[in-house]
Structures are given as structure tokens and as C-alpha cells.
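# Architecture and fold: a report
Residues per chain are reported as follows:
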Amino acid sequence: VNIDGKDITLIAAGGIIREVIAASKALLKHNISARVVSMHTLKPLDENEIQNAINETGGIVTIEENSIIGGLAGAVSEYCLENSLFPKKFRRIGISDQFSSIVGTQDYLRKINRLDSLSIYKQVLEMLN
């Protein structure tokens, strides 16, 4: 699943892509065209998608349903730094680097961890304003 856009690139890994697509549609109401990239693997990392995002859009937001440490955000940022590539803006959306004792349904946990479509939309909008 890839959706073209020019203002920002939303790179997601895994089942969270449904929430990311919904967030991108909400951003359109603010005339923000979000490119959505489903990063199907972290190894190998789709380096061309990252380079295109940097060259063609206003920044990168990574969205993952796990810790922001050592996952998709880490892989994307490591690739950027090691290749002297600097997105205009960069943000990691994922689970904070802390222990959680909260239990519940996937939808509930997404909302609590700000990984639901509304929270993703708000975080991207905040970043761009």
C-alpha cells in the first residue's frame, strides 16, 4: 500500500497502516497531502522510498506499533544519518521507551499510546504547524 503525497511522508510498518491511511485522509481536510508508505520489511530497508521521501516531501514521520527505540524509526534515522540525508522534518510515533502495565484490546491500546488515526493525525498536524 502506497499513497502519493507531497507535503509529508508517513512511513508505517505492519497492521498500523490502516490507522495511517485514515490519518492521511483527515490531513487532506487541511490541504495536507501525505504520502503513505507501507514499509514491508526493516531488513532489507527500502532505501529508495526513504530517499524519495526526503527529496520529494516536507519530511518523514515513522509510525510503528512497538517501541520507538530500535524499530522502524531507528532504521530510517540510521539510514539517513549514515548517508548524510536530512529530512526537513522528522518525527517518531510509537510506544514510548517505558514499561507499560496497561492491558486491553488493540484499539484501546492504540488510543492510550496515541497510535489511533485521530492521534496520528493530530501529531502530524502539530508537527507541520
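All of the points below concern the structure found in this document. (Residues numbered from 1 in each chain as written. Predicted model: local features only at pLDDT ≥ 70, side-chain atom pairs only at ≥ 80, totals over all residues. Heavy atoms only, no water.)

Right, let's talk about the nonpolar core for a bit. Among the nonpolar cores identified, the biggest contains 22 residues, and Ile8, Leu10, Val20, Leu27, Val61 and Ile63 are the most heavily contacted of them. Breaking this core down by element, the ones donating at least two residues are strand S2 (8-13), helix H1 (17-28), strand S3 (34-38), strand S4 (60-67) and helix H5 (117-128). When residues in this core are grouped by element, the largest group, six residues, is from H1. If we ignore the near neighbours within four places in the chain, the residues touching Leu27 are Leu10, Ile32, Ala34, Tyr121, Val124 and Leu125. (Core = buried A, V, L, I, M, F, W, Y, C linked by side-chain atoms within 4.5 Å. Buried < 20%, exposed > 50% of the residue type's maximum accessible area, 1.4 Å probe, protein only. Helix = DSSP H or I, 4+ residues; strand = E, 2+ residues; numbered from the N terminus. Contact = heavy atoms within 4.5 Å.)

Those residues of helix H2 (residues 47-56) lying buried are Glu49, Ile50, Ala53 and Ile54. Taken down its axis, H2 places every buried residue within 135 degrees of arc, on the same side. Away from the buried face of H2 by more than 90 degrees, exposed residues Asn48 and Asn55 are located. (Arc of directions from axis to C-beta.)

Our next topic: the pattern of salt bridges. Evaluated as defined, the whole model comprises eight salt bridges. The salt bridge involving Lys6 is made with Asp7; its shortest N-O contact spans 3.4 Å. Of the charged contacts in the structure, one is a salt bridge between Arg91 and Glu126, with a shortest N-O distance of 3.1 Å. Here Arg91 is found in strand S5 (residues 90-95), whereas its partner Glu126 is found in helix H5, with 35 residues between them in sequence. (Salt bridge = Lys/Arg side-chain N within 4 Å of Asp/Glu carboxyl O.)

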